Amino acid sequence: MSKKKDENINDDIHSDSETEEFEEPNEVSEDERITELEDTVLRLRAELDNSQKRSVAEIEKAHKYGIERLLLELLPVVDNLENALNNLSENVSESDKEGIDLTLKSFESALDKFGISPIYPISEDFDPINHEAVSVVKDEKHSDNKIVEVMQKGWRLHERVIRPARVVVIKN
């Protein structure tokens, strides 16, 4: 008997007329559906276009800056050639000096072909993006933040600084 009561109660709670009242109409006109689908297609096309543009930009950046690691390994070679030229003994023949100088120039020329340029900022104002101050000196003849000596050339790959120039700056 209790089973029959439970069934009757369930029937009373979920009568057909009450469930119809709580259901919302789910009908959307065909024009609204078409407009919604067109809007979705438009958004997806824009998203796809943006994704393609980002991919192209990333590939261009990888091509442009892909040699950065190689450059960082080759810069000490350029530094060593420069040091060799600057510190040659008096016993070295002129042809040896000329050979080192030509080697250095051809190396720098090869770097230039790939958009790699030196930063040699003598007598320029100090710029923390392009320069690294390794020493500060006082000199009343020059204004503050002027570079008076370059300890080591800096290098730039296109517009990106790969290695800042190590410099001596005036601070009065």
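Up top is the structure.
Computed from a predicted structure; not experimentally measured.

Conventions and cut-offs
- Residues numbered from 1 in each chain as written.
- Predicted model: local features only at pLDDT ≥ 70, side-chain atom pairs only at ≥ 80, totals over all residues.
- Heavy atoms only, no water.
- Helix = DSSP H or I, 4+ residues; strand = E, 2+ residues; numbered from the N terminus.
- Expected span 1.5 Å × (residues − 1).
- Bend = angle between axes of the 7 residues up to and from the residue.
- Buried < 20%, exposed > 50% of the residue type's maximum accessible area, 1.4 Å probe, protein only.
- Contact = heavy atoms within 4.5 Å.
- Pairing = 2+ DSSP bridges.
- Axes fitted to C-alpha atoms, helices over the stretch in contact; angles between N-to-C directions.
- Salt bridge = Lys/Arg side-chain N within 4 Å of Asp/Glu carboxyl O.

Trainee: How would you explain helix H4 (residues 68–86) if you had to name every residue and give the values?
Mentor: Between the first and last C-alpha of H4 there are 27 Å, a value that for 19 residues agrees with the 27 Å anticipated at 1.5 Å per step. Of all the bends in H4, the largest measures some 30 degrees and sits at Leu-74, one to four residues before the proline Pro-76. For H4, every residue scored as buried is listed here: Leu-71, Leu-75, Val-78, Asp-79, Leu-81, Glu-82 and Leu-85. Turning to H4, the residues buried within the fold contact helix H5 (94–113), strand E1 (116–119), strand E3 (147–152), strand E4 (154–157) and strand E5 (160–163).

Trainee: Provide a residue-level description of the sheet that holds E4, including the pertinent values.
Mentor: Where strands meet in a sheet, backbone hydrogen bonds hold them as pairs that are either parallel or antiparallel. An order of E1-E4-E5 is seen for the 3 strands of this open sheet, with the pairing classed as antiparallel. Here the strands that pair on one side only, and so sit at the sheet edges, are E1 and E5. Direction aside, neighbouring strands of the sheet carry axes that sit 35 degrees apart on average. Of the pairings in the sheet, the one linking E1 to E4 comprises 4 bridges and is antiparallel in character.

Trainee: Residues and numbers for the pattern of salt bridges, please.
Mentor: Side-chain pairs of opposite charge can arise where the charged atoms are in close proximity. With the rule as written, the count across this model stands at 11 salt bridges. When the shortest N-O distance is used, the salt bridge between Glu-68 and Arg-160 registers 2.7 Å. On the criterion of sequence distance, the pair formed by Glu-68 in helix H4 and Arg-160 in strand E5 is long-range, its members being 92 residues apart. What makes Glu-68 partly exposed here is its relative accessible area of 22%. Between Lys-146 and Asp-125 there is a salt bridge, with its nearest N and O atoms 3.2 Å apart. With Lys-146 in the loop between strand E2 (131–137) and E3 and Asp-125 in the loop between E1 and E2, this residue pair connects regions lying 21 residues apart in the sequence. Three or more residues are tied together by salt bridges with common partners; here these are Glu-82, Glu-108 and Lys-153.

Trainee: Got a sec to walk through the pairing of strand E6 (residues 165–170)? Specific residues and values, please.
Mentor: Most of E6 sits out of view: 5 of its 6 residues are buried. Of the pairings in the sheet, the one linking E2 to E6 comprises 6 bridges and is parallel in character. Considered in E6, the bridge of Ala-133 is made with Val-167. By the bridge criterion, 4 bridges tie E3 to E6 in an arrangement that is antiparallel. Bridged to Gln-152 within E6 is Arg-166.

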